[in-house]
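# A closer look at the structure
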Amino acid sequence: MKNLLIETRLFEGRVNEDSEGRTIVKGILQRAEAPNQNERVYPKEILMREAKKYETLIKERRALGELDHPDSSVINLKNVSHNVREIHWEGDDLVGTVEILPTPSGNILKELLKANILLGISSRGMGSVEPIGDGKVRVGEDFELLGWDFVSNPSTHGAFMTPVNESKQVISEVCDEYCKAQDLMREIITELTWLN
């Protein structure tokens, strides 16, 4: 049975404006072959397949995402905040360029980034999972990538999208204690969810 699968990570990237004044964010969108906070592992071959399909949406300028995850697999246009412009692989990391749109949600996102608020980037997809031991699960062959959304609480360690200036800012300087607290809260919430 296919379920809505969400994978969130800190976006280790930088914020710039392009020649037309549009806000552009670049960084890691997703990591393959590594367990996230939900103990879910995305096989690289499956992510590569889905990234290749997703490039059609990118070419058509329809690779839209929302500010916060909806409870649905459908992109809600009134909540759209950004459009993915490009994706490519660097090792096991799927890296991308994201344009922040001049929509109400996009304007909120832009202001949060300008205020140096730590944000996560989170994939949304449909698929099944299978246990692989030690409480971990692997995403199944039926996984379908729907896109990426910006969120406040990522499931991947250190998976916050952070605005940085042209001089490189190291994410660990910003994230160390904050991410540990976030990880602990997420574990507690996950345990409480499983108990209910």
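See the structure printed just above.
Per chain, residues are indexed from 1 in the order of the written sequence. Two thresholds apply to this predicted model, a pLDDT of at least 70 for residue-level local features and 80 or more for giving and counting side-chain atom pairs, whereas whole-chain, interface and lining totals are computed over all residues. To get the side-chain values, take all heavy atoms of the structure and skip hydrogens and water.

## Some details on the pairing of strand 7 (residues 93–100)
The line we're drawing: Note on classification: 1.4 Å probe, protein chains only; a residue is buried when its accessible area is under 20% of the maximum for its type, exposed when over 50%, partly exposed between these limits. Helix numbers and strand numbers start at the N terminus; a helix is a DSSP run of H or I with at least 4 residues, a strand a run of E with at least 2. A pair of strands is considered paired only if DSSP assigns at least 2 bridges between the two.
By the criterion of burial, strand 7 is predominantly enclosed, with eight of the eight residues buried. Side chains Asp93, Val95, Thr97 and Glu99 of strand 7 all project onto a buried face; the interleaved residues Leu94, Gly96, Val98 and Ile100 project onto the opposite face, where all are buried too. Here strand 3 (residues 23–31) runs beside strand 7; their pairing, made up of eight bridges, is antiparallel. If you follow Val25 over to strand 7, its bridge partner there is Val98. The pairing of strand 6 (residues 80–90) with strand 7 spans eight bridges and is antiparallel. The residue of strand 7 that forms the bridge with Glu86 is Thr97. The turn linking strand 6 back onto strand 7 is made up of two residues, and Gly91 within it adopts a positive phi angle of 65°.

## Digging into the pattern of salt bridges
As a reminder of what qualifies: Whenever a carboxyl oxygen of Asp or Glu lies within 4 Å of a side-chain nitrogen of Lys or Arg, that contact is scored as a salt bridge.
Under the definition given, this model contains 14 salt bridges. Here Arg49 ties to Glu50 by a salt bridge, and the two come within 2.8 Å at their closest N and O atoms. Judged by its relative accessible area of 27%, Arg49 falls in the partly exposed class. Ionic pairing is found between Glu99 and Arg61, a salt bridge with its closest N-O pair at 3.1 Å. Of the two residues, Glu99 is situated in strand 7 and Arg61 in the loop between helix 1 (44–59) and strand 5 (64–66); the sequence distance between them amounts to 38 residues. Here Glu99 falls in the buried class, since its relative accessible area comes to 2%. Through salt bridges that share partners, Arg22, Arg61, Arg85 and Glu99 make up one connected network.

## Describing the environment of Val151
Secondary-structure assignment places Val151 in strand 11 (residues 144–151). The class of Val151 is buried, set by a relative accessible area of 7%. For the pair Val151 and Gly120, spaced 31 residues apart in sequence, the C-alpha to C-alpha distance is 5.0 Å.

## Some remarks on the nonpolar core
Heads up, the rule is: We call a set of buried Ala, Val, Leu, Ile, Met, Phe, Trp, Tyr and Cys residues a nonpolar core when their side-chain atoms join them within 4.5 Å. Two residues form a contact once any of their heavy atoms are found within 4.5 Å.
Formed by 25 residues in total, the largest nonpolar core has its most connected members in Tyr54, Val84, Ile87, Trp148 and Phe150. Breaking this core down by element, the ones donating at least two residues are strand 3, helix 1, strand 6, strand 7, helix 2 (104–114), strand 8 (119–127) and strand 11. The element that contributes the greatest number of residues to this core is helix 1, accounting for five residues. Among residues more than four places away in sequence, those in contact with Trp148 are Leu29, Gln30, Tyr54, Gly65, Glu66, His82, Val84, Leu94, Ile121, Ser122 and Ser123.

Function-wise, these values are silent; they only describe arrangement.
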